[in-house]
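# Observations on the model geometry
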Amino acid sequence: MQSTPHIVIIGAGLIGLSTADSLNRRGVRLTVLDRNVGPAQGSSFCNSGMIHPSQARPWHRPDIDAETLKDLVETGNLSRHLIEARMRGLGLSDADRQTGCVQLFDSRYPGEEALEKYRDIGVEAKVINGEPFTYGRYALLFPNDFSGDARRYCCALEHDLHSRGVEFFYKLENINIDKNSLTVSMQNTEIKADHIILAAGTGSINLGRQIGLDIPVKAVRGHTLNFEKPDTPLPARPIIHDASHSALTVFEDQIRLSGTIGKDDPEVLRDIWENIAPDIVRRLAEPISRWSGDRPVSETGCPLIGPTDISGIWLNAGHGHMGWTLCAGSGEKLADMIMQ
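Overview of the structure. Quick caveat, the model's predicted, so the values are computed rather than measured. (Residues numbered from 1 in each chain as written. Predicted model: local features only at pLDDT ≥ 70, side-chain atom pairs only at ≥ 80, totals over all residues. Heavy atoms only, no water.)

### A closer look at the nonpolar core
- Judged by nonpolar contacts, the single largest core of 37 residues is most densely connected at Ile9, Met87, Ile197 and Trp324.
- Of all the elements in the fold, those that place two or more residues in this core are strand 1 (6–10), helix 1 (14–24), strand 2 (29–33), helix 2 (66–90), helix 4 (150–163) and helix 8 (323–339).
- Excluding residues that lie within four positions of it along the chain, Ile9 makes contacts with Gly16, Thr19, Ala20, Leu23, Leu30, Thr31, Val32, Leu33, Ile197 and Ala199.
- Leu198, Leu207, Val217 and Leu304 belong to the second largest nonpolar core, which has 24 residues in total. (Core = buried A, V, L, I, M, F, W, Y, C linked by side-chain atoms within 4.5 Å. Buried < 20%, exposed > 50% of the residue type's maximum accessible area, 1.4 Å probe, protein only. Helix = DSSP H or I, 4+ residues; strand = E, 2+ residues; numbered from the N terminus. Contact = heavy atoms within 4.5 Å.)

### Considerations on the pattern of salt bridges
- Across all of its chains, the model carries 20 salt bridges by this definition.
- A salt bridge links Glu267 to Arg290, with the shortest nitrogen-to-oxygen separation between them at 2.6 Å. Residue Glu267 is located in the loop between strand 16 (255–259) and helix 6 (268–276), and its partner Arg290 is located in strand 17 (residues 289–298); the two are separated by 23 residues in the primary sequence.
- Judged by its relative accessible area of 24%, Glu267 falls in the partly exposed class. (Salt bridge = Lys/Arg side-chain N within 4 Å of Asp/Glu carboxyl O.)

### Topic: unusual backbone geometry
- Here the phi dihedral of Tyr135 falls at roughly 55°; this positive angle occurs in a residue that is not glycine.
- In this fold, Tyr135 is placed in the loop between strand 5 (126–127) and strand 6 (138–142).
- One non-glycine residue, Lys171, adopts positive backbone phi at about 55°.
- Secondary-structure assignment places Lys171 in the loop between strand 8 (167–169) and strand 9 (175–178).

### Here's the deal with the sheet that holds strand 9
- In spatial order, the strands read 9-10-11; together these three strands make up an open sheet with antiparallel pairing. A single partner strand is all that each edge strand has here, and the edge strands are strand 9 and strand 11 (189–192). Geometrically, the sheet is characterised by an average inter-axis angle of 20° between neighbouring strands, direction not taken into account.
- Two elements, strand 9 and strand 10 (residues 183–186), share four bridges in a ladder whose sense is antiparallel. Within strand 10, the position partnered with Asn176 by the bridge is Ser185. (Pairing = 2+ DSSP bridges. Axes fitted to C-alpha atoms, helices over the stretch in contact; angles between N-to-C directions.)

So, in structure tokens, the structure goes:
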């Protein structure tokens, strides 16, 4: 390997930027490519804001083994601490948000069953029934979870990476990879690389097909509704509703309803949360923005981090609902693999 390898990363969302950050800290020359107009325009654009190692269990693979889950939680905890430190380095106020996330269950039994499973994989959780913003439901607090605005973080990190010498190219309608020469072509430009990393979320699926890789990731739709903050008491921590896989998060400048699985319309979020937190939702005006996008979910339930069958081409994709939680840890893992 050259003393200063050139690595091309395709994808400027949480995963691509975090990978760039980790590699840049190791002295690598980097070029980041994205089809969108700027950073964090895909599933990183408008997520729940939760950095929650507690929720490592994949929604579609509840049977995943305990050792694998422990590894995911460990990566999440590493990532959570890296993100907080980098937030402080970037001067982001989210670094001072109250820690913890709350999870609500519609009845006691599934909550108690979940609590036992959390403890089995080393996740700290405690019952907080009857406290404000638990809405009469069985509730768990995860004190080691965290939260923040993912898009704000991405924009700040991208600006910082640019100042550190990382090159960025956006609005690329066609990105073509020559797997034999490790050359990336886009519009009228060709870039020769020592390594190419596919970190484009669901876009990695088509990039892989282009070079004969069948990447076991599928697109799962998620939604967000953003509102101006109403004049009513609001929770300081994000709240997860277990049954609907959705969340209510209060940011500095807005309140957000996000998540779901298998739903076609973001408006369903208002219905879900009007049933859970009517005192808040009924005070919300019309959404100031709506978002729907595809989350990259791996078939195994675990992110795909590492080399592919093609020498020099690497993958960092398939994080599902855990992209914000796992991004920095995933970047560290892949950077270590490439630079060993």
